[in-house]
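Inside the fold
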Amino acid sequence: YRRADSPEFSASMAKSVLVGKISNSRTVLQRALRDHGDKIPQPDVERAVATLSGALRRLDAAKELDAVRGLEGETARWYFGVFDHLITSQKDSFRFQGRNRRPPLDNVNCLLSFLYTVLLHDVRSALEGVGLDPAVGYLHRDRPGRPGLALDIMEEFRPFLADRLALSLINLGQVNTRGFSKSETGGVM
């Protein structure tokens, strides 16, 4: 608990979390280039890969938590900025035009939110199982009712476990529009 009160320690922990997240996000993009290079706009995805690589180098020099968070936001914009390119089938039903949530406004965001929620619950259970308080976060600061540490830990796993699964489910046709419904307010479930 006391370590989370230290801005320096929190920034150091947040950097460790983001090294994993950014590296894994870059790997997801590189894999898409390798596996689907003929189906996706390579220059856009290659530019995103290069930006994520540059952010990893700049992350090492970041000293304050706000600077670390700024790099996270920048890399997320680049990663999700090309995410639609990674969807190679069912484009009419699964168009991704940016991350949105609470409520998700399209099928892809709905699927991502669902998978992130499942992952969050698994990480939270694992933390509780070894005696760690899932609420004490470093990147995700303490807020009542929010499992900050669970959110921190899951960041590294989101690209591989949730994003790749969502892409596989869509691209292999294992999920389709019949599994989604749009409410009167525009939210997708």
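Located above this text is the structure these notes cover.
In short, a report on the structure.

About the thresholds
- Residues numbered from 1 in each chain as written.
- Predicted model: local features only at pLDDT ≥ 70, side-chain atom pairs only at ≥ 80, totals over all residues.
- Heavy atoms only, no water.
- Helix = DSSP H or I, 4+ residues; strand = E, 2+ residues; numbered from the N terminus.
- Rg over C-alpha atoms; globule rule 2.2 N^0.38 Å.
- Buried < 20%, exposed > 50% of the residue type's maximum accessible area, 1.4 Å probe, protein only.
- Contact = heavy atoms within 4.5 Å.
- Areas by Shrake-Rupley, 256 points an atom, 1.4 Å probe, with all protein chains shown as cover.
- Lys, Arg positive; Asp, Glu negative; His and termini not counted.
- Charge placed at Lys NZ, Arg CZ, Asp CG, Glu CD.
- Core = buried A, V, L, I, M, F, W, Y, C linked by side-chain atoms within 4.5 Å.
- Polar contact = N/O pair within 3.5 Å; in protein donor to acceptor, adjacent residues only side chain to side chain.
- Axes fitted to C-alpha atoms, helices over the stretch in contact; angles between N-to-C directions.
- Parallel < 35°, antiparallel > 145°, perpendicular 65-115°, else oblique.
- Left-handed = near helix turned anticlockwise from the far one by under 90°.
- Nonpolar A, V, L, I, M, F, W, Y, C, P; charged D, E, K, R; others polar.
- Salt bridge = Lys/Arg side-chain N within 4 Å of Asp/Glu carboxyl O.

**Things to note about the overall build of the protein**
A count of helices and strands for the protein gives 6 helices and 0 strands. Written out in order from the N terminus, the α and β elements of the protein read α-α-α-α-α-α. Here the protein has a C-alpha radius of gyration of 17 Å; the compact-globule value for 189 residues is 16 Å, and the two agree. Put simply, the protein has 189 residues, and 47% of those count as buried. Looking at the protein alone, contacts between residues at least 24 apart form 62% of all its contacts between residues at least 6 apart. Of the roughly 10,200 Å² of accessible surface on the protein, 53% is carried by carbon and sulfur atoms. Of note, the protein has its 27 positive side-chain charges centred 1 Å away from the centre of its 23 negative side-chain charges.

**A look at the nonpolar core**
Soluble globular proteins: nonpolar side chains tend toward being buried together. The biggest cluster of nonpolar side chains holds 54 residues, and the ones touching the most others in it are Leu 29, Phe 83, Leu 86, Val 108 and Leu 112. Contributing elements (two or more residues each) for this core: α2 (7-36), α3 (42-61), α4 (65-81), α5 (107-129) and α6 (148-171). Per-element tally for this core: the top contributor is α5, with 10 residues. Leu 29 has contacts with Val 45, Ala 48, Val 49, Leu 52, Tyr 79, Val 82 and Leu 86, leaving out every residue within four places of it along the chain.

**As for the side chain of His 140**
With respect to the helices and strands, His 140 occurs in the loop between α5 and α6. His 140 gets classed as buried once you look at its relative accessible area, which sits at 15%. Only 2.7 Å separates the side chain of His 140 from the side chain of Asp 152, close enough to count as a polar contact. One polar contact links His 140 to Glu 155, side chain to side chain, over a distance of 3.4 Å. Not counting the four nearest positions on each side in its chain, His 140 is found in contact with Arg 146, Gly 148, Leu 151, Asp 152 and Glu 155.

**With respect to the packing of α2 against α4**
Following both chains from N to C, one finds α2 and α4 inclined at 10 degrees, their axes separated by 10 Å at the closest point. Classified by the interaxial angle, the pair formed by α2 and α4 is roughly parallel. In this structure, the crossing between α2 and α4 has a hand that is left-handed. Facing α2, whose interface residues are Ser 10, Ala 11, Ala 14, Lys 15, Leu 18, Lys 21, Ile 22, Ser 25, Val 28 and Leu 29, α4 presents Leu 65, Val 68, Glu 72, Thr 75 and Tyr 79. A breakdown of the residues in the contact of α2 with α4 according to their chemical character gives 9 nonpolar, 3 polar and 3 charged.

**Description of the pattern of salt bridges**
All chains considered together, the criterion is met by 12 salt bridges. Here Arg 124 ties to Glu 128 by a salt bridge, and the two come within 3.4 Å at their closest N and O atoms. Taken together, the residues span about one helical turn, with Arg 124 and Glu 128 both in helix α5 at a distance of 4 residues. By relative accessible area, which is 44% here, Glu 128 ends up partly exposed.

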